[in-house]
Amino acid sequence: MKVRANGLDIEVEDTGEPGRPAVLLIMGLGMQLVAWPPRMVEALQAAGLRVVRFDNRDVGLSTWLDHLGVPNVAAASLRHRLGLPVNAPYTLADMALDAIGVMDALGLARAHVVGASLGGMVAQRVALAAPGRVTTLTSLMSTSGAPFLPGPRAAVLSGLLARPSGSDEEAVVAHFMRLLRLIGSPGFPTPEAEARERVRAMVRRAWHPAGTVRQLVAVGADTRRYLELPRIQAPTLVLHGTHDPLVPFACGHDTALRIPGARLVPINGMGHDLPPGAVDALLPPLLAHLR
């Protein structure tokens, strides 16, 4: 269903059990709400939670902001490395207001907020912008954004910035499969056929690379969040894979150090994805935290 949030049409899936505590799931760069594994959603429901997922702005079935143009990633990256301001079409703070707007549209006074990767950065921004609305915060395979933290491996960065060989479905699916092989969890390999089926379903639902570029530049422009994290009041759990080649484990460690009282739980063998084995490993500490 669509809700109006922060002036945009946001696609939402809500398990909709009135009276249950809500958990708001915020997905990562260019990813859609369907990227949250069904076994994770089902486990949260079984734990007595109302589960709300949504497509971030510029991806999936939410509003696409093509009128803002496509930023030059190379130029933005250079400015970021030099410590210069990055001009982004919108900010992670704007995306946090989208998430808060989803809560408003659904009548949720408070929620447990769980964000993965870019979604973890947005979740941190939600906790900073609206501390009274966040029951708990969970930052999953994300980062504080502090300077001098390690970045992705060279091959992973090349894969992230690469383009499909064509615009047809097979070329796009092949592109995402190559990326998944680079960032996937060595300790929890996903069967090729299963991964390909999920990727194909996401591509068929919506594929919007220009939106992913705008989100990526928003990350580069968010240069002071690490200085603000000590203001977060919500009980915080930081979950991070020990073998993450895109957002290295040191990034999760730094996030936990900066948020008062935060607990860091390493997930051994996990990369930058959510395969069944990794989900099974992260669910016990996550459910304990939400309780």
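Data block above holds the structure.
The model shown is predicted, which means the values in this text are computed figures rather than measured ones.

Enquirer: So what exactly am I meant to see when it comes to the nonpolar core here?
Expert: The nonpolar side chains of a soluble globular protein tend to be buried, and buried together. Counting residues in each nonpolar core, the largest one holds 41 residues, and the members touching the most others are L24, I26, V102 and V126. At the level of secondary structure, the elements contributing two or more residues to this core comprise β1 (2-5), β2 (8-14), β3 (22-26), β4 (50-54), α3 (92-106), β5 (111-116), α4 (118-129) and β6 (134-140). Per-element tally for this core: the top contributor is α3, with 8 residues. With residues near it in sequence (within four places) discarded, L24 still touches V52, F54, A99, V102, M103, A111, H112, V113 and V114. Core analysis: the second largest hydrophobic core is formed by 30 residues, A116, L140, V265 and L283 among them.

Enquirer: Looking at this structure, I do not really get the pairing of strand β8 (residues 263-267). What am I missing?
Expert: Sheet analysis places strand β7 (residues 236-241) next to β8, joined by 5 bridges and oriented parallel. Counted as the bridge partner of V238 is L264 from β8. Tracing the backbone out of β7, into helix α10 (residues 249-258) and back to the parallel element β8 gives a crossover that is right-handed.

Enquirer: Hey, could you run me through the side chain of D98 in this one?
Expert: Locating D98 in the fold gives a position in helix α3. D98 sits in the buried class, given a relative accessible area of 2%. Apart from residues no more than four positions distant in its own chain, D98 is found in contact with A5, N6, L8 and R57.

How each quantity is defined
Residues numbered from 1 in each chain as written. Predicted model: local features only at pLDDT ≥ 70, side-chain atom pairs only at ≥ 80, totals over all residues. Heavy atoms only, no water. Core = buried A, V, L, I, M, F, W, Y, C linked by side-chain atoms within 4.5 Å. Buried < 20%, exposed > 50% of the residue type's maximum accessible area, 1.4 Å probe, protein only. Helix = DSSP H or I, 4+ residues; strand = E, 2+ residues; numbered from the N terminus. Contact = heavy atoms within 4.5 Å. Pairing = 2+ DSSP bridges. Right-handed = clockwise from strand over helix to strand, strands pointing away.

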